[in-house]
Amino acid sequence: MNDRVKAVAGPIVLATDASVGPDRVASGYLATTGHTGLRAHLYPKYLVHPRSRVVVTELRAVYWGLKEVLHTHPGQPIEVRVDNLQALRHLHSWQQGGTDIPEGYDTHLRSQGRQPSLVKLQLLAEYTPHLTFVHEKAHAGHPLNEAADSLAKLGLRCVRGAVPRTELPRLVPLWATGALAAWAAWAA
């Protein structure tokens, strides 16, 4: 689910996070541009090494958030806040032209000839000017990070069947709007 709520003034900041269960994963993002979203699905165990599942899901959250923000704000500086240090190391490496990929991640083309999302993110990180990737300490009360975390957890609860999918269009904008208002007050 991708959505848009009212943006807040100031520099563009994108917060991302992931939530991972034994066989399901979810990612969430929220940007000061008002872009917000979550993705959740079953995660077949053969696709990636279990130790890498968290970092892959964190990086996918960055990809989906950047894809939305860059589409409407091309060329603008964007600060991406990530709370996973391993994911941050990959992003910094990719900015410098590195080609390392999380252990076990399959870089072969997907169905219909599509590039894997981490390959696309790798290219974005290397070739998009004005991207800054910074560490955001998890669960430290930063409004955007807490909202991204909540969105990822909501996605995981939805794919587990604990939250009806029909509730997402109501809950996502509600949480995102509250987080952006808190961010505006916190950043002022």
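A short tour of the structure in this document, coming up. It should be emphasised that the depicted structure is a prediction, and the values quoted were computed from it without experimental measurement.

## Here's the deal with the overall build of the chain
The helix and strand inventory of the chain stands at five helices and six strands. When the helices and strands of the chain are listed from N to C terminus, the series reads β-β-β-β-α-β-α-α-β-α-α. Expected size for 188 residues packed as a compact globule is a radius of gyration near 16 Å; at 16 Å, the chain falls within 12% of this value. Relative to its 188 residues, the chain shows a buried fraction of 48%. For the chain, contacts bridging at least 24 residues in sequence account for 70% of all contacts bridging at least 6. Roughly 9,100 Å² of accessible area belongs to the chain as shown, and the carbon and sulfur atoms make up 55% of that amount. The centroid of the 20 positive side-chain charges in the chain is displaced by 5 Å from the centroid of its 15 negative side-chain charges.

## Digging into the packing of aromatic side chains
In this structure the tally under the stated criterion is two aromatic pairs. Here the aromatic rings of Tyr 63 and Trp 64 are separated by 5.0 Å at their centres, their planes lie at 70°, and the arrangement is edge-to-face. Trp 64 shares its class with Tyr 63; the two are buried. Consider the rings of Trp 183 and Trp 186, whose centres lie 5.3 Å apart with planes at 40°: the pair is tilted. Note that Trp 183 and Trp 186 are positioned in helix α5 (residues 168-187) at a spacing of three residues, about one turn of the helix. Sitting above the plane of the Trp 64 ring, Arg 39 keeps its charged end 3.5 Å from the centroid.

## Quick notes on the layout of surface pockets
Looking at the largest pocket, its volume works out to about 470 Å³. Taken together, 21 residues form the lining of the largest pocket, with Arg 60, Trp 64, Arg 110, Arg 114 and Ser 117 sitting closest to its centre. With five residues, helix α1 (residues 53-72) is the largest single contributor of residues to the lining of the largest pocket. Each residue belonging to the lining of the largest pocket can be placed in one class, and the counts come to nine nonpolar, five polar and seven charged. Counted as a void, the second largest pocket has a volume near 170 Å³.

## What to know about the environment of Val 54
On the secondary structure map, Val 54 appears in helix α1. By relative accessible area, which is 34% here, Val 54 ends up partly exposed. Each C-alpha atom of the pair Val 54 and Ser 19 lies 7.5 Å from the other, and the pair is 35 residues apart in sequence. Beyond its immediate stretch of four places on either side in the chain, Val 54 contacts Ala 18, Val 20 and Asn 84.

## Remarks on the pattern of salt bridges
For the coordinates displayed, the defined rule picks out five salt bridges. For Asp 23, the salt bridge goes to Arg 24, with nearest N and O atoms at 2.9 Å. Looking at Asp 23, the relative accessible area reads 31%, which means it is partly exposed. Exposure remark for Arg 24: the relative accessible area of 23% places this residue in the partly exposed category. As a salt-bridge pair, Arg 170 and Glu 167 come within 2.5 Å of each other at their nearest N and O atoms.

## Some words on the packing of helix α2 (residues 85-95) against helix α3 (residues 117-127)
Look at α2 against α3: their axes get within 7 Å of each other, and the N-to-C directions meet at 55°. As judged from the angle between their axes, α2 and α3 are oblique. The element α2 and its partner α3 pack so that their crossing is right-handed. Every residue of α3 that contacts α2 at Leu 91, Trp 94 and Gln 95 is listed here: Leu 118, Leu 121, Gln 122, Ala 125 and Glu 126. When the residues that make up the contact of α2 with α3 are grouped by side-chain class, the tally is five nonpolar, two polar and one charged.

Reading the values: rules and limits
Residues numbered from 1 in each chain as written. Predicted model: local features only at pLDDT ≥ 70, side-chain atom pairs only at ≥ 80, totals over all residues. Heavy atoms only, no water. Helix = DSSP H or I, 4+ residues; strand = E, 2+ residues; numbered from the N terminus. Rg over C-alpha atoms; globule rule 2.2 N^0.38 Å. Buried < 20%, exposed > 50% of the residue type's maximum accessible area, 1.4 Å probe, protein only. Contact = heavy atoms within 4.5 Å. Areas by Shrake-Rupley, 256 points an atom, 1.4 Å probe, with all protein chains shown as cover. Lys, Arg positive; Asp, Glu negative; His and termini not counted. Charge placed at Lys NZ, Arg CZ, Asp CG, Glu CD. Phe/Tyr/Trp six-rings, centres within 6.5 Å; stacked < 30°, edge-to-face > 60°. Lys NZ or Arg CZ within 6 Å of the ring centre and 35° of its normal. 1 Å grid on protein atoms, 1.4 Å probe; cavity = no way out; pocket = protein on both sides within 12 Å on 5 of 7 lines; lining within 4 Å. Points joined across faces, edges and corners; volume = space filled by probe spheres on them. Nonpolar A, V, L, I, M, F, W, Y, C, P; charged D, E, K, R; others polar. Salt bridge = Lys/Arg side-chain N within 4 Å of Asp/Glu carboxyl O. Axes fitted to C-alpha atoms, helices over the stretch in contact; angles between N-to-C directions. Parallel < 35°, antiparallel > 145°, perpendicular 65-115°, else oblique. Left-handed = near helix turned anticlockwise from the far one by under 90°.

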